[in-house]
Amino acid sequence: MGSEKLPWLFLIHCIWLGVMGVDASSWTAEVPSSVSGLQGSCIVIPCSFNYPEPEKKPSKLTGTWFKNQYDYIYHPDSSNVITDYRGRTELVGDLWQKNCSLRIDRLNHSDIGPFTFRIEIEDHTKYSYINDKVSIAVSSSPDPPSLSVREEVKVEEEVSASCSVFHSCPSEHPLFTWSHSGTASVHSQQLAKGHWEVTSSLNFSSTITDHNQPLICTAAYRGGKMVNSSKTLNVKYPPVIKVGSACTSDISTVTCLCIVDSVPPGTVEWSHPAGPLPSTSMERHGSVTMVALQRALGSSETVHCHAHNTQGNATLSFTLSTNDKMLMPYVSIGIAALVVVVILIPMSVYLLIKKGGRSRSDQPVTSKQDMDASKCASSDPSPSRKEQTDTSSEINTNYYTNNHLYGNMEAENVGDPYECDGGDDAVYGNV
């Protein structure tokens, strides 16, 4: 008997739901059971809901969010919001479009939930979607960006790089910066369960200076958190013979150095018109190769430095004239000797003049009377002829030495050098 009543009871229940205009299956909400966000940033909880359409279109819809029983974390009247969430929450969905998405700003570790959405339909009914709660996992630091770029490229080749991060705040996505200049663009897309992905793309043309340099992508989140990722570029380029490559020579030997920068490193060889020349030594430092040559050369010769790798070739020629080089030591010696002569001659003349002036100032001045007296005294026959001759010679020397003192006197007629002719009469003849 009881079993016969069950179909009737079920039918009556269905009729009652129809009269009331309520479909139990229509009170639904779609929210993720859990979302994750970054401390200090914001998070948007995606939410959509449904309710049975009343016969009369409602004039007002009010949406709220709460935790526990009725601790409102969002309410249109902010005075109803608990202190911890006041000024930090915002309903970003359009209730008339059945969108109940909630934004929480300045996320912290206490914002874990769970949270529940409630709809109030004026002049109709109210409903809390207690079976569709959402929790939040708050992280202290973001994951590093995912950087994608082809690391091995050729010089002047177009390089495309992309950098992606996940976030939970679509209205303020992370901002990107690149360590390299170029053309950048940003694209964002929504993922499942309240996550978004934003990607920055960069395009640029590679150069030699990009080789072995990191390409860095940095993402800055709202709240100040920053993370970055990097990859090192390997730029291939043909040989470049660097400044500093040169040849020097002395009288009989030439020494050459060829400095080559290339990626990948290649071969460096020497040659002259007669054929290849063996290198003396080779050193390699990263992309730079240094090869030396030392040998004896003829009167005139040209040597060539040849560099080659998979990207290209380079050649630099050095022309040497060893005859000119042989003259250089002699020219240097001649210049040095000329400098010494130019310095020593004036010094020698100066010293001689100085010495001569000092000799004249030391000699006694001999008067005319003294000379005559000496001549009279020399008439004494007692001394020998040789001694007289020496004395006369000495007197004459002094006479000529001081001749400039008596330049206004007439010359005397000299007879016998041993005779005295009047003595003082000659001196005072004009008185």
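The text that follows walks through the structure, step by step, so that each part is easy to find. Note that this is a predicted model, so its numbers are computed, not measured. (Residues numbered from 1 in each chain as written. Predicted model: local features only at pLDDT ≥ 70, side-chain atom pairs only at ≥ 80, totals over all residues. Heavy atoms only, no water.)

## With respect to the overall build of the protein
Then, number 1: In terms of helices and strands, the protein carries five helices and 28 strands.
Then, number 2: Looking at the protein as a whole, 33% of its 431 residues qualify as buried.
Then, number 3: In the protein, the proportion of contacts linking residues at least 24 apart, taken out of those at least 6 apart, comes to 61%. (Helix = DSSP H or I, 4+ residues; strand = E, 2+ residues; numbered from the N terminus. Buried < 20%, exposed > 50% of the residue type's maximum accessible area, 1.4 Å probe, protein only. Contact = heavy atoms within 4.5 Å.)

## A short note on the sheet that holds strand S10 (residues 125-128)
Then, number 1: With respect to topology, four strands assemble into an open sheet ordered S6-S5-S9-S10, the strand pairing being antiparallel. Pairing within the sheet leaves two strands with one partner each, and these edge strands are strand S6 (71-74) and S10. The mean inter-strand angle of the sheet, taken between neighbouring strand axes irrespective of direction, is 30°.
Then, number 2: Note: strand S5 (residues 61-67) against strand S9 (residues 115-121), seven bridges, orientation antiparallel. Each bridged residue has a counterpart across the sheet, and for Leu61 the counterpart in S9 is Ile121. (Pairing = 2+ DSSP bridges. Axes fitted to C-alpha atoms, helices over the stretch in contact; angles between N-to-C directions.)

## Structural notes on unusual backbone geometry
Then, number 1: Note the cis peptide between Gly113 and Pro114, where omega equals 5°.
Then, number 2: In this structure, the amide linkage connecting Val263 to the following residue, Pro264, adopts the cis form with an omega of -5°.
Then, number 3: Tracing the sequence through the fold places Pro264 in the loop between strand S22 (253-263) and strand S23 (267-272).
Then, number 4: One non-glycine residue, Asn68, adopts positive backbone phi at about 55°.
Then, number 5: Considering the arrangement of structural elements, one finds Asn68 in the loop between S5 and S6.
Then, number 6: Judged by relative accessible area, which is 58%, Asn68 ranks as exposed.
Then, number 7: Backbone geometry at Asn212 places phi at a positive 65°, although glycine is not the residue there.
Then, number 8: Residue placement: Asn212 occurs in the loop between strand S17 (196-205) and strand S18 (214-220).

## Things to note about a nonpolar patch on the surface
Then, number 1: Judged by side-chain polarity, Ile343, Leu344 and Met347 come together as a nonpolar surface patch covering roughly 290 Å² of accessible area.
Then, number 2: Mapped onto the fold, Leu344 is located in helix H2 (residues 322-362).
Then, number 3: A relative accessible area of 45% means that Leu344 is categorised as partly exposed. (Patch = residues over 30% accessible without salt bridge, like charges linked within 9 Å, V, L, I, M, F, W, Y side chains within 5 Å. Areas by Shrake-Rupley, 256 points an atom, 1.4 Å probe, with all protein chains shown as cover. Salt bridge = Lys/Arg side-chain N within 4 Å of Asp/Glu carboxyl O.)

## Side note on the state of the cysteines
Then, number 1: Throughout the structure, instances matching the rule amount to five disulfides.
Then, number 2: Here Cys247 pairs with Cys256 through a disulfide, and the sulfurs are 1.9 Å apart. With the S-S dihedral at roughly 115°, the linkage between Cys247 and Cys256 falls on the right-handed side. You'll find Cys247 and Cys256 in the same group, each marked buried.
Then, number 3: Put simply, Cys258 and Cys305 are joined by a disulfide, and their sulfur atoms are 1.8 Å apart. Classification of the bridge connecting Cys258 and Cys305 rests on its S-S torsion, roughly -85°, and on that basis the disulfide is left-handed. With Cys258 in strand S22 and Cys305 in strand S27 (residues 300-309), this pair connects stretches of sequence that are 47 residues apart. The pair Cys258 / Cys305 is uniform in exposure class, with both members buried. (Disulfide = S-S within 2.5 Å.)

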